[in-house]
Structure formats: C-alpha cells, structure tokens
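One letter stands for each residue in the lines below.
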Amino acid sequence: MINKFIINILLLLFCINVYNCAAIPNNILRIKDGYLWSPNEGFVIAHGLAYQTFNPEVYAYQTFEQLSYDLSEMKKMKANSVRVEFTWSQIQPTANNYDFTKSDFLIQECERYGLKMFVLIGYQYPPSWFEGTFGRDAMATHFDQYTQTYGKSNILNYNNPLALQAYKDYISNITLRYKTASSIGAWIIGNEFAFFDLWESPNTYPSHRFVGFDSAFSLPSYRNYLSQNYVTISNLNSVWGTSFTNFNTVPMVIEYPVDRTQQSQIRASGLYDLIQWRKQIIAKFTAQGVQAAKMADPNHLVTYAMVGSIFSGLDTNIAGEDAVSIVKACVQNGFPIDFWTINNYPWTVTGSEMRSADYGVVKYRENLNIPILVTETGLSTSDSLFAETTARAKNAIANLLWEHLFSGAIGVHVFHWSDRDPFTYYPPPLNREAYFGIVSGERQCKGCIFDQVKNAYTIMDRIQISKLLVNATRPTKDIWMLWTSDIDISSNRYNQEAAMIWGAFRRAGYQIGIMDETEFENSIYSNSKAIFLPRNFLMRSTHLDLLLNAINSGIHVHASTDLPGQYDQYYRINSNWKNKMQQIFALNVSNAIIGWESGSQALSFPAEYKRMTLVASTNYGSFSNGMTQIFGSWKIWHSITSTAGQTIATSLGVENSQSNSIPSFHLYNSGNVNQGKRAINLFALGDSIIVPGDPFSGESLWDLRSNIIKTVYQNFFNIQPKFTLTGSGSNYVGIDYQNIASGLIISLCNYANAPVTVTLNSQLIQGKIIENLFTSKIISRNAATSIVISLKNDQCNWLYAYSPTSILNPSAQKIWLIEAPIVINPNLVTLPLKLAYDLTVNSKIYVNLLYKSATILSTSTISNVAQGSGTTIVQLTIPPPTLESINRWYKTSNWISKSDYDLRIIVKDASTNVVSTAISQSININVGIYATNFLPALNTITFNLLNNTIYSFDAFWQNLPSNLFKDRFASIDRAVIWNQTSPPMNYNLLFELIDSSNLITSQTFSIRSANGFKNIQFVTREKGPYTFQLSVLSIDGTSIAYFSSHGKIVQPTSFVRSNTDIAFFSDGALNGFTIYTWGANGAIFNAVNSGAPQGTTYFSSSSPGWCGFGIFTVGDNSINLGDFWPLGKLSFMIRSTIPVNIQIKDKSDDTYDYYIDSTNDSWKTIVLDLSVLCDLDLSHIFSPFTVNYAVTTGGSVSIDSVVWLNPTQLNLNPAPWSPGSSFTIAPSASRTPSITISRTRSASRTRSISLTPTISLSKTKTASRTASRTASRTASRTASRTASRTASRTASRTASRTASRTI
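Given the structure is predicted, the values throughout are model-derived calculations rather than measurements.

Caption draft 1: Representation of the sheet that holds strand S20 (residues 610–616) within the structure. Here we have ten strands laid out as an open sheet, ordered S15-S14-S16-S17-S26-S25-S24-S20-S21-S27, and mixed in their pairing. Each having just a single partner strand, strand S15 (512–515) and strand S27 (688–689) make up the two edges of the open sheet. Helix-sheet contacts for helix H17 (residues 491–507) involve strand S14 (479–482), S15, strand S16 (530–533) and strand S17 (556–560), and the interaxial angle to S14 is about 170°. Against the sheet, helix H19 (residues 541–552) touches S16, S17 and strand S26 (678–681), its axis set at about 145° to S16.

Caption draft 2: Seen up close, the side chain of Ser1100. When you line up the elements, Ser1100 lands in strand S56 (residues 1097–1101). Residue Ser1100 is classed as buried on the basis of its relative accessible area of 12%.

Caption draft 3: Region of interest: the environment of Asn619. Looking at the secondary structure, you find Asn619 in the loop between S20 and strand S21 (628–633). The exposure class assigned to Asn619 is exposed, which follows from its relative accessible area of 57%. C-alpha separation for the pair Asn619 and Ile648, spaced 29 residues apart in sequence, amounts to 7.8 Å. Sequence-distant contacts of Asn619, defined by excluding residues within four places in its chain, comprise Ser624 and Asn625. A distance of 2.6 Å separates a polar atom in the side chain of Asn619 from the backbone nitrogen of Asn625.

Caption draft 4: Spatial organisation of the pattern of salt bridges. For the structure shown, the criterion picks out 41 salt bridges. A salt bridge links Lys580 to Asp545; the nearest nitrogen and oxygen atoms lie 2.7 Å apart. Placement of the pair is Lys580 in helix H20 (residues 577–585) and Asp545 in helix H19, with a sequence separation of 35 residues. Between Lys635 and Asp562 there is a salt bridge, with its nearest N and O atoms 2.2 Å apart. In this pair, Lys635 sits in strand S22 (residues 635–638) while Asp562 sits in the loop between S17 and H20, placing the two residues 73 residues apart along the sequence. For Asp562, a relative accessible area of 2% puts it in the buried group.

Caption draft 5: Representation of the side chain of Asn761 in the model. By the secondary structure assignment, Asn761 is in strand S31 (residues 756–761). We classify Asn761 as buried; its relative accessible area is 19%. Among the polar contacts made by the side chain of Asn761, one reaches the side chain of Ser786 at a distance of 2.7 Å. Setting aside anything within four residues of it in sequence, one finds Asn761 in contact with Lys722, Phe723, Thr724, Leu725, Thr726, Thr785 and Ser786.

Caption draft 6: Summary view of the sheet that holds strand S11 (residues 339–343). Ordered in space as S12-S11-S10-S9-S6-S5-S4-S13, the eight strands form an open sheet in which the pairing is parallel. Each edge of the sheet is formed by a strand with only one pairing partner; in this case those strands are strand S12 (372–376) and strand S13 (411–415). Strand-to-strand twist of the sheet, defined as the mean angle between neighbouring strand axes without regard to direction, takes the value 30°. One ladder, built from four bridges, connects S11 with S12; its direction is parallel. Counterpart to Thr341 in the pairing with S12 is Leu373. Running at roughly 155° to S13, helix H14 (residues 387–406) makes contact with S12 and S13 of the sheet.

Caption draft 7: Region of the structure containing the packing of aromatic side chains. Within the structure shown, the criterion is met by 60 aromatic pairs. Between Tyr98 and Phe100 the ring centres are 5.7 Å apart and the planes differ by 10°, which places this aromatic pair in the stacked class. Owing to a relative accessible area of 23%, Tyr98 belongs among the partly exposed residues under this scheme. What makes Phe100 buried here is its relative accessible area of 15%. Taken together, a centroid distance of 6.4 Å and an interplanar angle of 10° make the contact between Tyr98 and Tyr170 stacked. On the criterion of sequence distance, the pair formed by Tyr98 in the loop between helix H4 (88–91) and helix H5 (101–113) and Tyr170 in helix H7 (residues 161–177) is long-range, its members being 72 residues apart. Owing to a relative accessible area of 1%, Tyr170 belongs among the buried residues under this scheme.

Conventions adopted
Residues numbered from 1 in each chain as written. Predicted model: local features only at pLDDT ≥ 70, side-chain atom pairs only at ≥ 80, totals over all residues. Heavy atoms only, no water. Pairing = 2+ DSSP bridges. Helix = DSSP H or I, 4+ residues; strand = E, 2+ residues; numbered from the N terminus. Contact = heavy atoms within 4.5 Å. Axes fitted to C-alpha atoms, helices over the stretch in contact; angles between N-to-C directions. Buried < 20%, exposed > 50% of the residue type's maximum accessible area, 1.4 Å probe, protein only. Polar contact = N/O pair within 3.5 Å; in protein donor to acceptor, adjacent residues only side chain to side chain. Salt bridge = Lys/Arg side-chain N within 4 Å of Asp/Glu carboxyl O. Phe/Tyr/Trp six-rings, centres within 6.5 Å; stacked < 30°, edge-to-face > 60°.

Structure (structure tokens):
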C-alpha cells in the first residue's frame, strides 16, 4: 500500500489550491470535521435511496411524471438524499450533441423536494457512437482465455488519449452546467473501474477476460512503466529470474498462473509489476476525471465509488482498481478527491462474517483517512443465491443502515428504491437483481422492509444523528491487521479471508485497525498489543524481520490461514524462512505442503472447500478436550509438526487423509517476558463453510471463530476488550462503541435469525445513565458494570451511556413516541399517538401540533401521569381547515427542505413548570381540500349570500392517499402512474349546504386523481344562515379531508326563475326541470315585445356584465332522465347588436366557447349538440350545464325560445346528428354566423375548431395525460419485449453488480 502519511502531507499542501479555496455558495455541501456540512444546513448525515434513472440498460426509463412521483414518496419517508445517474449515452446521444432535458428535470425535482444528489457521471462504458468517432483503439482489447483469442471489449481503452479526452469532456460539460445547483451533493467521477468488463456473465466467464492488450497504446505504456521502474533490463531480469534482452521484448502476461506451487513461473510472469501498472493506469485516468470536474465546477464535492467489502474472492479477477493509488494520484495531480464512496452488500447468512457491514467501511476508512459514504447497500427479498435472505431481509435491512453509520460512514443509501421486474426473466442468480427494491415495480410498499427503512430514517432525524456522530471519537486500537502491497498477487483472496474473519473480532468486542507497510515500518502497532496476519504468505524479507522485532518488543502475533512471509511480493522465496517459522511459532515446516488451496481459479460451490475435522486436545480457553468441529476450508496445511508451545486442537488434514495429526491450532510462549506471544491456525478460519450434508448449524461457524479469537486474544494474549457480552447467543452479537461528551455510544447488532438476551459487561458504563437511543427509554439511571439487553432477530440498537446529562436531551424526564405517523390526513376524528415515558416526578404531558415550529394548531393533554415508566395513548385532534385559516396555514406540505409541521411533546410538573426539553418529530399533512374563487370572494369565516342566486366556486384537493394498505401513504395516482392494470380507486367529493337544521342541497363527485379541482355550482334558497361544507370521503364513507365555513342571506337576488313563455321542453320527461336566468344590473328578464319568437316575453340585457341561463332541478328531487338525454340537442334563439362569445360549461367544468357575429338585431336559431360535454349526470342533476355570455358596452343581447329537443324533433339535414357529421344553423336573412368552438380544461389542454358556416363538433379526450399514460404503458410493454432480447447483454452487465453483492 501507499504511504498514508505522504497522502496526508500532500492533502495539506494542496489545500491552498484555488479550486478548493474559492468561495462556495452557502447551500452547497462541503466536508467539515470529516462529515458533510453546509452553512445553511449544518452537518448532514445523508440517508436515502439509490435510484437508477434514465438508464435503459438496467430498465430505468421513467417518465417525468413517474420520476417526480418517486422523489415525492422518498421525501415522505424521510430520505434526504439520492444516488442517481447521468448516463453517458442518455446525456450525449451523439459525439457533437448534448441533451440535458432529463438531467435538467431530475435536478429541478430534487431541488423541489430538498433531496441532495450524489450523481454518477464517470463511465468506462462509452456510448454506441464512441468507436466510430475515435477509432477501434479507443475501445479496449481483451484476451479470452477460454478461446485463446483477442477481441474488442465493451469498455474504453484507459491508455488511449482520445478516449481519455472524451471521458474528461463529458465530465466537464456536465459539471460546468450544474456548478451552482444546490441539489448536487457530489459528483461520482467513476464507479468500479477495472481492467475487464464487469458485466460479463459469471456463468460464461467466471474468470474475467482482461483488457489492455492493444499494441498501439497499452503495451508501450506497460513497457515504459517497467523501464522507469527498473531503469535497466538486467535489474528486471534479476527480480523476475528472466533473460530478456531489452524492455521491448518483455511480454504482458495474458493469464493468471493459477498453480501457486509453480513459484518460478509466477515470478517470471512479472505479475506483480503488471498489477502495479494497472493500478497506476486506473488511478491516473480517474485523477484526470477529477481534475476535469473540479476545473469546471469548483463548488461541488467529487468522489469515486468502489465495492465495499468483497468484489471477488478469486485472484484471477484482480481488477487493478486500488483506492489508495487513486487517492494518491488525485493529490499528486493537484485536485484531491474529497471523500470515498462504497457499494457495500453484507450477506444475511447464518455463520458468515459477511453478515456484518463493518469491514467494508473500516477497510477504506483505515486505508484512506478520508470520509466514507455508502451509496449502495441492500438485500434482495427473493434471493436466488442466499435463500435465507428472502425471509430475513425485512428485519435485517435496518441493521445494515445503523451498522454502516456506526462504523464511520457519513451517509447510507439503500439500493434500490424499486424492484425491477424485467430481471425476473433472467436465470439465477441474476434474477435476484429484480428484488432489491423497498417498493414493488408498481410502487406498492414491500411490507416490513419498507417500514424498516422508513422508521430508521425517521429515528435518524429525531435523535439528531449528526449531533451524535460528528461529536464522537473512536477508541484506540486493540489489534492491528497488516495489509501491505506485498500481497497484491493474491489481494482478492486476502481481502475475502480478512472480510470473513473481521466480524469475529467485532463480536468479541475488539477494536481492530488496518496498517499498511509504511505504518508497519513506523511501528504504529506500538500503541496496541497485537498484530493479526489473515493471509500474509507474501512479505518482503525486511518485513518478516520487522515482525520478529515487533515480537521482541512485546507485541503478540496471530497468523491465520498461512505461514507468513514464505515468498516476497515478486514470489521469490525468502531466505531462512523455515528457521524463522521455527523461531516465531515453534513449528517445524521443513516438510510442509499445502494439502488444499483454492481461490486462484473458479470452482463450483462447494468444490472450492475441503472438509477437515478439528479436535480439541486440551482444556484451554473456549476449548474443552475432545470438542470437535467439522467444517470446510479453502486452505489447509499438511506435514507440519510442533517443537514447543501448546497445541489446542489438531486435525488429520483434508478429509482426514493424513496419518499424523497436525497442530492446526497452536500457541507458543517463548517464556521470555519481554517477548510477545504467538498463535497460528493452519487453515483458513474466516472463509469456511458447513459442508452440505454435515450435521452442523451455521451458528457453529460463528462459535468456532469466536472460540479461537477469544482463546487467542482474551485467554492467551490477555487482551481484555472494553466491552464483552455473555449469555446464550452472545457469540452472535456484534459490539462497537465510540466516545462522546459526558459518555459514550454503544452499538449492538444481533446477526442471528433469533432473538437474544445478553449481558453487557464494562467498567465504562458504571454509574452512568443508560438510554436506548432509538426509543429514549432509560435502561438504567445508575448502571452497574453489567446490564441485560434483549435484541430481536437481526436487530441493531444504539445505547447512550452518559453522566451527568445527555447532549441530546439534558432533562431527566424522558418521553418518546412509540407509534406516530410521518404523514397524517386531516379529519374530524382524533389521531392516536402512542407514547412511552420514564419520569422521576408526577407530571402532565402536552402534545402539540405546530405549524412552522411556532403556531400551535392543536393541543392534547394527559394529566396526572405518575412518576415511573409506562405507555399511554393520546388522542390528538387534527383541526379541519377553515376559510379563516386556509391562507394562513392549511396547505399540504410541499416537501421543500423539511416539513412545515411538527409534533412536539412537553412534560410539565404539577405546578406546570416545564421539566423536559421538548422533543419533536416532523410530520407532513398529506391531504388538503379547500375552496377558492367563490362569488363573492370568500375572505372571512362568515360570508354573505344572495337569495335565489347561483354561486360557483372551485374545490381543490391535494395529495389524496391511496386507501390500499400496501400503498402506505402513497398517492392515489400511484396505480395510474405506474401502469397497474386494475382500475384506479376513487374517493367521493361531497359538497353540502346546510341551514340551521336542514340539508338544503348536496352534490357528490367521484375523484380519481391525487390532485385536482372541481368547479361546483349551487343555488341559494330563502332559508339561512348556511354552513358550507366540503368533505373527501373514502369508499366506505370515512372522511379523510374536511373544509367548512358559514354564510348568511343578506339581500334579494337578481337570479330568477324564467317565465315559462321564454322556454319550453319538448318532452314530458323533463317536467322536473326549469330554466333559470341571471344577468348584470339592467337585464330585463321578462321584456314584453309582441315580436318575441316564443310567446310575448324574452330575456334581454344591454348593461355590461355577465348573463346566462341554465336548466336546473325544481326542488331537490332525483329524476332519471333516461337514455335519450345525451342524444338530444340544445336550441335557443338569439338577437344581438354585437359579436357574442357564448360559453357552455358542464359539471366537470369542461368549457366550450362559441363565437357568434352580430345578428344585426335579427333573431337567429342556434342548435348545439351537447354530447361533447363529459359530465352530464344522467341520474341526479342539479345543473347538467350552464350557458354564459358577456354583454359589452353599447350592445344588447336577447334570448328566447330555449328548448331541449329530443331526437324525434330534430328535423335537420342530415339527421340525426352524430360525431363527425355536421348540421346547418337555421337559415336567416343575414349572413351565416362564423362560430369558433374551443374546449378548455386547462391552459395546456385546449382543442379548437373553426366553424364557418357549419358547426362541426367532436368529443376529444385530454391529450396530455393520455399521451403520458400511453407512453408509460408502451414503455412497459416494450420493456417486456425487450427483456428477452436484451437479456444476454444486460445479464453480463448485471453479473458484476450481483457479484459485488454476493461473491
């Protein structure tokens, strides 16, 4: 590894770089004290979702409507960040064209919802135009070891300058465009770069096809590296054991030498140097991308993403991607990377140490000394690789989130927001990719796994997690693990073995760190007591001597899997190695041979493991004489004997094949009190399994590792951890702690699929108050050195031990919410909140609902709560909105930055003195309904109405929730937006006008969208005053939203029932209806004129203003109009001296405008078909339609002969009229009027038809939403069809991601 001290010095030197020191806007994140921070927001612990966007290769082709829906739902569940992608092929579809439409929208929506974006923009997979633009050598050349042929890879050529420039240009253009966007949290400049195609199918290519074999760029680069490193060819030959004549004759090894016993062959391959070159190339390539980003955008942070714990355990798949090399190259280039990003996928598998998330975080935290962000972690809920995970994911998912953060991550993101259904068609294990979501493909919540994530994020906000973690410090190390670059030839297998034993140290309570070669050479281990070697068979000879020096200074050494230092980094045999093994471990290795070793090539499970039987030969530590454990291991040594020390357990090697016992677990104390003790296990302890068919449980593997670790470190080395656990199941609980002001925080993670009760033992908790941070419950107010803790299966819990007061809530009175929604629906019933408390005085509990943390909207009180602990339920009333409050506070939360509403709990003593700091939980009001545009305008809680007057207002509703349990608080629009085939659910919008005792009138409308409005009209009567009421009712009649106000009659109205002489009906079935007319002041409702076309009276107005007429019910009778209604026509006669715009509205507020020229004061007949009106209620009609028109100054308009014609009376040509045909307006003496018809629902939904001289009507559905839905459904069908033909291509790309989560 590279010297971390040098990196830190370089970082310090470059902190004066102009790109880092330029003024950064206050709303943009930067790093402070090792965490994300901005002046506007303070410290931020990122917690959210990984959300693949606009990436067709992985079936991410959301419409804008769908994307906005998803982000809104994420914000509701308390996410504050998202990991997203600006895919190269989508942003730059051609070499000379950028399309920012999608990225612009995504940034806009994240700004709207207050979500920070960690955006992947660096890709090794270029667009399809790339090769044609830059040539064949711009793409990498791979070698296929299975066919022994060279070929073109899907990844770009890291060594091609044109490819590098294209990569930099793309990054530069993206970052420059969005350099001031506050929603950008950081740019991810690359993700899992490798010297092979990550997405190759693991079934076809278990060992990847490496790239870098082109003769134009890569081979010359490699040879130049060797020349610079060795200077002369003789120096290279001396190290490699070869006889090349010059550097131009040195070949690049094309295959990994899998037989580790072929020492000279591996040495001569130059494999170590090839790996160093690959590391350097990827590091320099990435550093150029970081420079491009920071040059274009000096404001935002830049990071790089890498697999957390294990990408591959096969040494044939060493990617060439090295975190320390990348960080160093960026520093040396003058543009340091700001923090590191990992994709970390623990395994929910009993017996595996990969159950813990800790190693993936700590590995980079220790190696890089920069902050670590987790942008991917998760579990599949239908796991074809780890069947056990399917049932356990729902509980284990929250465990992962909490453990990542406690291990030092500055944020965490669950992969993935949604299931991706097309992956279900893939073969195992690739089909597991379909089920990593916390919601389904149609966005229904996946039960407990969704709730666990939502609850975790809610708690993070409530406990002020940033305040805890930023102020915490990590304890000193008990043990140092040695990881140097000497092991690079076998780095994958080293990493896997280290990862799969790491958890055993955590479960034993130890603090373990990782040191590189420079730290080892500088004796960083001197501040601890032991060195651990998980697989250090490759060590340069000087390091083997340093190990002896450490022992002589009193440092204990434990080696696992391998005898350390058999070869140096180049695979040369270390001199005097056998004598050194005798000196260190008291073992005779003269005849030592490897009984079994895998890991250098792919073998099918469980063939890579061989069975061995470990039998205790004495009573010591956790072992009792005769205790037996049978398990499978990938590395087993034979033919070794002990010359001194104590053998704790022996074996007969692979499958009991040896006649002489082997000291498989051996301890040695030289007797020199100044020397450290030594321990070794001659088999791979970490990566071990229960061989299928053997009668042992997975837990027995945890027991085996715990027994060996505790025996070595607690009993033999006498290193006592600060915390220990005892009791049944204690071997299955991971423990960690951090120091904090006035105390410490403790993490306990139950890795088992069963509840446990354990005793926590530590001198550090004595005398302290112990509080459960997730519930605020006090476990002890004066702890002894032991406390009993119960954990559910797969549960993680944090404890806070402090004295005298908490930095979060200094009060001794503790109260917390057990059950409280994060989204509420306002209604007339109370909202039950379940509280728990732990009080030292008799108290009263007050629960307030606040608006913007200031205005109290509702208060509920629980009086006479006795001291002690307990639970209670408080019924909190959610006040209905009124006209008085609507403009002041009642609007649905818009999710910008944070909720506008809070639940606040205060504890007061009997004298009403506040005795507890208020605790708060942000909450969102999910549903709103209110009225606007009332005539006259509604400005106060009491409004005035005119008698016998028609009034019109708009009823608006917002964010109506689904009433399906699986939808939780999702919108009613979910089903429509996400292509569900079942019809959308609906609510009823109920309008009621009530006088002092009677329901005057009511109207009910069906609602099928989450957001919208409805224009409602009603007619007053002479009674009053009125209560005006709106409700949204679920199907069962439950009110979920409510709005109320009051009014009174103040004066007679100009609204009148027309004289029957100006209107008549053509069919007796309409006897329950009549014509009402209304108009501006000066309208003559019954003008007497012998020239009236119908009778002697007509309706006329010459005063400027609105006039109109409509058909209304007489009384409140329900009348069935029959089927003929939509087939009829509206006819009326008009006489005007001015052009007239006639507007017809139906009950849904669909609007049709008719422009009619002046009739030159002559009567004209207009006949209109109203079947184009969408909302003609055929069963209960208050006002099926209304006709309005405006009179302008200096003009007059008269109406007469209003008639509804049934089909038999339509003597028109052609007859009857049908959509698509036309009919002629009644002939007149003057010219035929020119009429323009337009249907308008909103500004974006307008259809216009010009009619001269005929009227041609067609009923047109709104196109905008229909188009959106059609596109979405088409995409779904296309996805299904595409899945099969894309499977082979995408399967290979999915393989690596699956590998990183599984191998």
